Amino acid sequence: DEEDADGTATVPLLAPVTASERRRSIKSLHLSKFADKFADGSEILDPMLRAWGVDTLVIVGAWSEDCILSTITDAVDRYGYDVVLVEDAVATGSD
């Protein structure tokens, strides 16, 4: 599978396929995915999830002590989402 310019790649089975799915992708620069904003300063993720009627997040990914923890904390404490952490689908770069 082809890597992005920053050295990351999405697992092909999870990658967006349609134009609609690709528009939902957020290239994040923050530990918490809720911290990403549009150029005008408005939030990206929370309004998107609310518009779809999402109330529960299923979390998978990497850097559990940084990105995953930050995203979960914001999701629960700041935005009131229910969260399911898939233990077998998270990882970190340290022991």
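Below is a short write-up of the structure.

What counts and how
Residues numbered from 1 in each chain as written. Predicted model: local features only at pLDDT ≥ 70, side-chain atom pairs only at ≥ 80, totals over all residues. Heavy atoms only, no water. Pairing = 2+ DSSP bridges. Helix = DSSP H or I, 4+ residues; strand = E, 2+ residues; numbered from the N terminus. Polar contact = N/O pair within 3.5 Å; in protein donor to acceptor, adjacent residues only side chain to side chain. Contact = heavy atoms within 4.5 Å.

**Notes on the pairing of strand β1 (residues 56-62)**
Pairing analysis gives six bridges linking β1 to strand β2 (residues 82-91), with the strands arranged parallel. Bridge pairing in β2 links Ala62 to Ala91.

**Structural notes on the side chain of Ser32**
Mapping Ser32 onto the fold places it in the loop between α1 (19-23) and α2 (45-51). Within polar-contact distance, the side chain of Ser32 engages the side chain of Asp74 at 2.6 Å. Aside from chain neighbours lying at most four places away, what touches Ser32 is Ser70, Thr71 and Asp74.

**Observations concerning the side chain of Asp36**
Turning to its location among the elements, Asp36 is positioned in the loop between α1 and α2. The residues contacting Asp36, other than those within four sequence positions of it, are Ile26, Lys27, Ser28, Leu29, His30, Glu43 and Ile44.

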